[in-house]
Amino acid sequence: MLRLRQAVSNIPTYHPPLAGREGLRLDFNENTVGCSPKVLARLRNLGPEDLARYPEREPIESTVAAFLGVSRDELLLTNGVDEAIHLLCQAYLNQGDEALIVVPTYSMYRIYMTAAGAEVISVPVEKDFQFPANDLRAKITSRTRLIAIANPNNPTGTLAPADDLLTIARSAPQAAILIDEAYYEFCGQTLLPRRRDSPNIFITRTFSKAYGLAGLRVGVLIGDRNQMSAIRRVSSPYNINAVALACLPEALSDQSYIESYVREVLQSRETLESALKDYGIPFWPSRANFILARIGTTASEAKAFVESMRREGILVRDRSADHGCEGCVRFTLGPRKHTNRLLTALATTLEELSLAPGVSRS
Ligand SMILES: Cc1ncc(COP(=O)(O)O)c(C=O)c1O
């Protein structure tokens, strides 16, 4: 009888609701208008020879390293941040090791940690989803080998102070500390210049969010050069496909596109915040391209809301099942034209379901 490894049997099932995403997609924190036209022009120029040969990652890693101001041996391009998380788990977690996450947070940390056979220890956020620096430190033991922190966090949008992150890294020198900066472009704060303060720090970035390239699957893992050379051994030499590699320099070269998209998202963030305030709907100030709001007090109210929004042509994400998020829905932000559509659907839905004003924050 073919038997799975015990750790694999323990993996919680994760089904991102990707099926039938018809409508304005404000449910996965993607760029809602897509990538730079320069990327599309490069795609149109690809020829058969570009696809026939195995992809060569290194020259493009040099381009990305120069852009980020790190040296090439401190950086690895990965098949999305998801692969970076997976590689860290492969490299540092033995069966029975402890791995720490904050809850709520991005789902894939738990999945890859569990798959590696680690015991995942969840540390609940503080009031208003603030980063639980002291509680996290208190959970560090000699068996802690990996700590994963999304900064800003998803689905809450809250940001942990850099000093807290460094204190945690120094308190657990035996553990890899992942600071996942997938939403960096929308918040502008990074631990990158201070990463060498503690050689166990790893930082990730992605091209899936501000850059509008989620479908190409490209992320970046940055860390101490000695650690990175070991991690490179765990990864496939061909983990980034040729199409993605061809497009990356174009994406990076069009910073004005990214800046103008981010500017629009930040304006939309203010617009949605003020609309939610007017409706009396509790929400949490976000540093990312999304806002978490408590639409109702129960999971069924959040579900009904998401379904009604879908009927209005707007996809948003029910986060009720996340720790401390009962009744909460996450709205991805795009440029003004998309936020206007969101606000129209929001008004109709709230009226239809009689959900606002006066939903109280628990
Ligand atoms: C915090 C965080 N990290 C990583 C990812 C996934 O990034 P990628 O598309 O690069 O795998 C997400 C996607 O939602 C995220 O929210």
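Residues numbered from 1 in each chain as written. Predicted model: local features only at pLDDT ≥ 70, side-chain atom pairs only at ≥ 80, totals over all residues. Heavy atoms only, no water.

Trainee: Tell me about the overall build of the chain, and please be specific about residues and values.
Mentor: In terms of regular secondary structure, the chain is built from 14 helices and 13 strands. For 362 residues, the compact-globule estimate of 2.2 N^0.38 gives 21 Å, and the chain sits close to it at 21 Å. Each principal axis of the C-alpha atoms in the chain carries an extent, and together these give about 55 × 50 × 50 Å. Counting only residues that meet the buried cut, the chain has 54% of its 362 residues in that class. Restricting the contact set of the chain to residue pairs at least 6 apart, pairs at least 24 apart contribute 73%. Charge centroids of the chain, computed over 41 positive and 40 negative side chains, lie 2 Å from each other. (Helix = DSSP H or I, 4+ residues; strand = E, 2+ residues; numbered from the N terminus. Rg over C-alpha atoms; globule rule 2.2 N^0.38 Å. Buried < 20%, exposed > 50% of the residue type's maximum accessible area, 1.4 Å probe, protein only. Contact = heavy atoms within 4.5 Å. Lys, Arg positive; Asp, Glu negative; His and termini not counted. Charge placed at Lys NZ, Arg CZ, Asp CG, Glu CD.)

Trainee: Could you give an account of the domain arrangement of the chain, with specific residues and numbers?
Mentor: When cut into domains, the chain gives domain 1 (19–30 + 256–353) and domain 2 (37–253). Computed over C-alpha atoms, the centres of domain 1 and domain 2 are 26 Å apart. Residue-level contacts link 24 residues of domain 1 with 26 residues of domain 2. Both sides of the domain 1 and domain 2 interface together cover about 2,000 Å² of buried area, and 64% of this is carbon and sulfur. Counting the surface domain 1 buries against domain 2, the share from its top three residues, Ile258, Arg287 and His323, is 32%. Our count for the domain 1 to domain 2 interface comes out at zero salt bridges. The interface formed by domain 1 and domain 2 contains six residue pairs in polar contact (both at pLDDT 80 or more). For the side of domain 1 that touches domain 2, the element with the most residues is helix H12 (residues 255–279), which contributes seven residues. (Domains from an automatic or database assignment. Buried area = accessible area lost by both parts, 1.4 Å probe. Salt bridge = Lys/Arg side-chain N within 4 Å of Asp/Glu carboxyl O. Polar contact = N/O pair within 3.5 Å; in protein donor to acceptor, adjacent residues only side chain to side chain.)

Trainee: I'd like to hear about the packing of aromatic side chains, residue by residue, with values.
Mentor: Summed over all chains, the structure comprises seven aromatic pairs. Looking at arginine 205, its charged tip hangs above the ring of tyrosine 184, at a distance of 3.8 Å from the centre. A cation sits over an aromatic face here: arginine 330 above phenylalanine 290, 5.7 Å from the ring centre. (Phe/Tyr/Trp six-rings, centres within 6.5 Å; stacked < 30°, edge-to-face > 60°. Lys NZ or Arg CZ within 6 Å of the ring centre and 35° of its normal.)

Trainee: Outline the site of the ligand, supporting the account with residue identities and numerical values.
Mentor: The environment of the ligand is formed by 14 residues, the closest being Val81, Asp180, Tyr183, Thr206 and Ser208. One of the side-chain nitrogen or oxygen atoms of asparagine 154 is found 2.7 Å away from an oxygen atom of the ligand. Contact between the ligand and aspartate 180: a nitrogen atom at 2.6 Å from a side-chain N or O atom of the residue. Summarising the interface, the protein chains cover 93% of the accessible area of the ligand, which totals 400 Å² for the free molecule. It is helix H5 (residues 80–92) that contributes the most residues to the shell around the ligand, three residues altogether. (Near = heavy atom within 4 Å. Areas by Shrake-Rupley, 256 points an atom, 1.4 Å probe, with all protein chains shown as cover.)

Trainee: Could you give me a rundown of the environment of threonine 114, with the residues and numbers involved?
Mentor: Locating threonine 114 in the fold gives a position in helix H6 (residues 108–115). Taking the C-alpha atoms as reference points, threonine 114 and arginine 232, separated by 118 residues in sequence, lie 22 Å from one another. For threonine 114, the residues in contact, after removing those within four places along its chain, are Ala7, Asn10, Ile11, Pro12 and Val120. In this structure the side chain of threonine 114 is engaged in a polar contact, spanning 2.6 Å, whose partner is the backbone oxygen of arginine 110.

Trainee: Summarise the pattern of salt bridges; cite the residues concerned and give the values.
Mentor: For side chains of opposite charge, pairing can occur when their charged atoms come near one another. Under the criterion given, the structure shown has 19 salt bridges. One salt bridge connects arginine 311 with glutamate 352, and the closest N-O pair in it is separated by 3.2 Å. With arginine 311 in helix H13 (residues 299–311) and glutamate 352 in helix H14 (residues 336–353), this pair connects stretches of sequence that are 41 residues apart. Using a relative accessible area of 43% as the deciding quantity, one classes glutamate 352 as partly exposed. Aspartate 322 serves as the salt-bridge partner of arginine 319, at 3.2 Å between the closest nitrogen and oxygen. Judged on exposure class, the residue arginine 319 and its partner aspartate 322 are both buried. Within the structure, one salt-bridge network assembled from shared partners comprises Asp163, Arg170, Arg194 and Asp197.

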